[in-house]
Amino acid sequence: MQYITVHVARLRLSSSCLKPSKEEQDNAILNMYIERKSLILQFLQSNLSPQLLEHHLKKVELLKKCYYYIEVMPSRIILRDQNHVLISTDIFQIIDPWRLQRMKKVARTQTEIQLVLLTDLLEQLQRGREELVCYVETSNVITFLSKWDSAMQKLSDLSELMNKVLSLQVPGKLHAKHRLVSHADIKGTRIPNIKLFLSTKMPVVFDRKESVAHKNWAHLKWFTENQESPLEQYELHFRLLKHGTQTELGQRGIVAISSNTCVVCDLLPDRSYEFTIRRAETYTLVYETWHDTIILTTLNSAEDSSTYEPELADRKGLLIFST
């Protein structure tokens, strides 16, 4: 009996030792709070930092200014001519033009939707970040821990949104519902699987330091962020902003050029001209909405007595144009 009493006492003592004290419980809760709060802060500072959101916002604004083109793969196929000789043929020579035009409309719509989605996703990410910041800064320990499951779901949702932003920043494939090539036009030739893609080119921007106006001529220069092909074609549009006489009414024009500089001659002194630069339109262009514009004011006779002489100019890379 005495043995049993002693054993029960030992069990009670052991049970009391296993049960944490209130201080230990409070410390455990506090450590959990600190650890979980640190996890949220790390997410806000790395995966969803203001700098990262600003970077993606600038990227989307740049994408809105880009030129979008439809690309066809393969670009060339092998066909047999009437004499059964194998010849390499450009894919656009056998694609049905009407069907291609339909696909270009699809590509334009897809691009517009993609850009709208990117803007909307970034707004959702910004709102989500603000909600997490509020959750961290205003919640006490008990409230913070009680909402932890919903906070973890928010982190998961925001991570998924960021992945969508990254994927949408890259132009994707186009899915053709109908054949682009009529088999009746190429009898006896097996047509490979034709794939369609969207590609982009950077916007063209005026060099505002190098673009200047003199008394009766202006020198324009532009650039893109990436290295352009030397065969890239551009269009320079210009017009007199205010005109009164018939002579002034004719002060407008378009210059087609394959370099990144241009000289426009025979301008009127002491007048403001608007210049717009854009890429020349091609058969595969599907979307463009933004063109850079610059306004230059020619000098009056008192400010500049020099006159541009075409025969004395270095014509390499320049196009002299007279209205």
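The name an unreviewed UniProt entry gives the chain is Fibronectin type III domain containing 11, with Cairina moschata as the organism.

(A) Quick peek at the pattern of salt bridges. Under the definition given, this model contains nine salt bridges. In this structure, E131 and K154 form a salt bridge, with 2.7 Å as the shortest nitrogen-oxygen distance. A residue pair is termed long-range when its members are at least 10 positions apart, and E131 in helix α4 (residues 97–138) and K154 in helix α6 (residues 148–168) qualify at 23 residues. Judged by its relative accessible area of 44%, E131 falls in the partly exposed class. Between E274 and R239 there is a salt bridge whose closest N-O contact spans 2.9 Å.

(B) View of the packing of aromatic side chains. Tallied over the entire structure, the rule returns eight aromatic pairs. Judged by centre distance (6.4 Å) and plane angle (35 degrees), the ring pair of Y273 and F275 falls under tilted. Here the two residues Y273 and F275 agree in accessibility, since each one is buried. In textbook terms, an aromatic cluster arises when at least three aromatic residues are bridged by ring pairs, as seen for Y33, Y135, F144 and W148. Positioned over the ring face of Y283 is K104, at 5.1 Å from the centre of the ring. Sitting over the face of the ring of Y67, R279 holds its NZ or CZ atom 5.5 Å from the ring centroid.

(C) Representation of the environment of H56 in the model. Looking at where H56 falls in the secondary structure, it is placed in helix α3 (residues 50–65). On the basis of relative accessibility, which here comes to 4%, the residue H56 falls in the buried class. Expressed as a C-alpha distance, the spacing of H56 and M162, which sit 106 residues apart in the sequence, is 9.7 Å. Non-local contacts of H56, meaning those with residues more than four positions away in its chain, are made with L122, M162, V165, L166 and Q169.

(D) Examining the packing of α3 against α6 more closely. Between α3 and α6, the shortest axis-to-axis distance is 11 Å and the interhelical angle comes to 30 degrees. When the interaxial angle is binned, α3 and α6 end up roughly parallel. The two elements α3 and α6 cross, and the hand of that crossing is left-handed. Where α3 approaches α6, its residues L52, L53 and H56 are matched on the opposing element by M162, V165 and L166. A breakdown of the residues in the contact of α3 with α6 according to their chemical character gives five nonpolar, one polar and no charged.

(E) The arrangement of the packing of helix α2 (residues 22–45) against α4 in detail. Interhelical geometry of α2 versus α4 gives an angle of 150 degrees and a closest axis separation of 11 Å. When the interaxial angle is binned, α2 and α4 end up roughly antiparallel. By crossing handedness, the relation of α2 to α4 is classed as left-handed. Within the contact between the two elements, α2 uses K37, I40, L41, F43 and L44 and α4 uses R129, L132, V133, Y135 and V136. When grouped by side-chain class, the residues that make up the contact of α2 with α4 number eight nonpolar, no polar and two charged.

(F) Quick peek at the sheet that holds strand β5 (residues 195–201). The strand order β4-β5-β1-β13 describes an open sheet built from four strands, whose pairing is antiparallel. Both outer strands of the open sheet, β4 (173–174) and β13 (285–287), are each paired with one neighbouring strand and no more. Along the sheet, α4 contacts β1 (67–73), β4, β5 and β13; its crossing angle with β13, the most-contacted strand, is approximately 35 degrees.

(G) The nonpolar core, seen in detail. With 44 residues, the main nonpolar core has I40, L125 and F144 as its most contacted residues. For this core, the secondary structure elements donating two or more residues are α2, α3, β1, α4, α5 (141–146), α6, β5 and β13. A per-element tally of this core places α4 first, with eleven residues. In contact with F144, not counting residues within four places along its chain, are Y33, R36, K37, I40, Y135, V136 and S139. If you look at the next biggest cluster of nonpolar residues, it comprises 20 residues, including A213, I257, V264 and L267.

(H) Representation of the pairing of strand β9 (residues 234–240) within the structure. Residues Y234, L236, F238 and L240 of β9 are buried on one face, while the alternating residues E235, H237 and R239, pointing to the opposite face, are not. Sheet topology note: the β9/strand β10 (residues 252–257) ladder contains six bridges and is antiparallel. Paired with E235 across the bridge in β10 is A256. Sheet topology places β9 next to strand β12 (residues 272–279); seven bridges connect them, and they run antiparallel. Across the sheet, E235 pairs through a bridge with R278, a residue of β12.

Conventions we followed
Residue numbers here run from 1 along each chain, matching the order of that chain's written sequence. The model is predicted, so local features are restricted to residues of pLDDT at least 70 and side-chain atom pairs to those at 80 or more, both for listing and for counting; the totals for chains, interfaces and linings are taken over all residues. Think of the side-chain values as coming from all heavy atoms in the structure, minus any hydrogens and water. What counts as a salt bridge is simple: a side-chain nitrogen of Lys or Arg found within 4 Å of a carboxyl oxygen of Asp or Glu. In this text, helices come from DSSP runs of H or I with a minimum length of four residues, and strands from runs of E with a minimum of two, each type numbered from the N-terminal end. For the exposure calls, accessible area comes from a 1.4 Å probe over protein chains only, and a residue counts as buried if that area is under 20% of its type's maximum, exposed if over 50%, partly exposed in between. Stacked, edge-to-face and tilted are the three classes for Phe, Tyr and Trp ring pairs, Trp counted by its six-membered ring, which pair at centre distances within 6.5 Å; planes under 30 degrees apart are stacked, over 60 edge-to-face, the rest tilted. Comment: the charge-over-ring label is applied if NZ (Lys) or CZ (Arg) is within 6 Å of the ring centre and within 35 degrees of the ring normal. Any two residues whose heavy atoms approach within 4.5 Å are treated as being in contact. Axis definition: a line fit to C-alpha positions, over the contact stretch in the case of helices; interaxial angles, taken between N-to-C directions, run 0 to 180 degrees. Roughly parallel here means an angle under 35 degrees, roughly antiparallel means over 145, roughly perpendicular means 65 to 115, and every remaining angle is called oblique. Whether a crossing is left-handed or right-handed is set by the direction in which the near helix is turned from the far one by less than a right angle, anticlockwise for left-handed and clockwise for right-handed. Residues are grouped as follows: nonpolar covers Ala, Val, Leu, Ile, Met, Phe, Trp, Tyr, Cys and Pro; charged covers Asp, Glu, Lys and Arg; every other residue, Gly included, is treated as polar. For two strands to be treated as a pair, DSSP must find no fewer than two bridges joining them. Side-chain atoms within 4.5 Å are what join buried Ala, Val, Leu, Ile, Met, Phe, Trp, Tyr and Cys residues into a set we call a nonpolar core.

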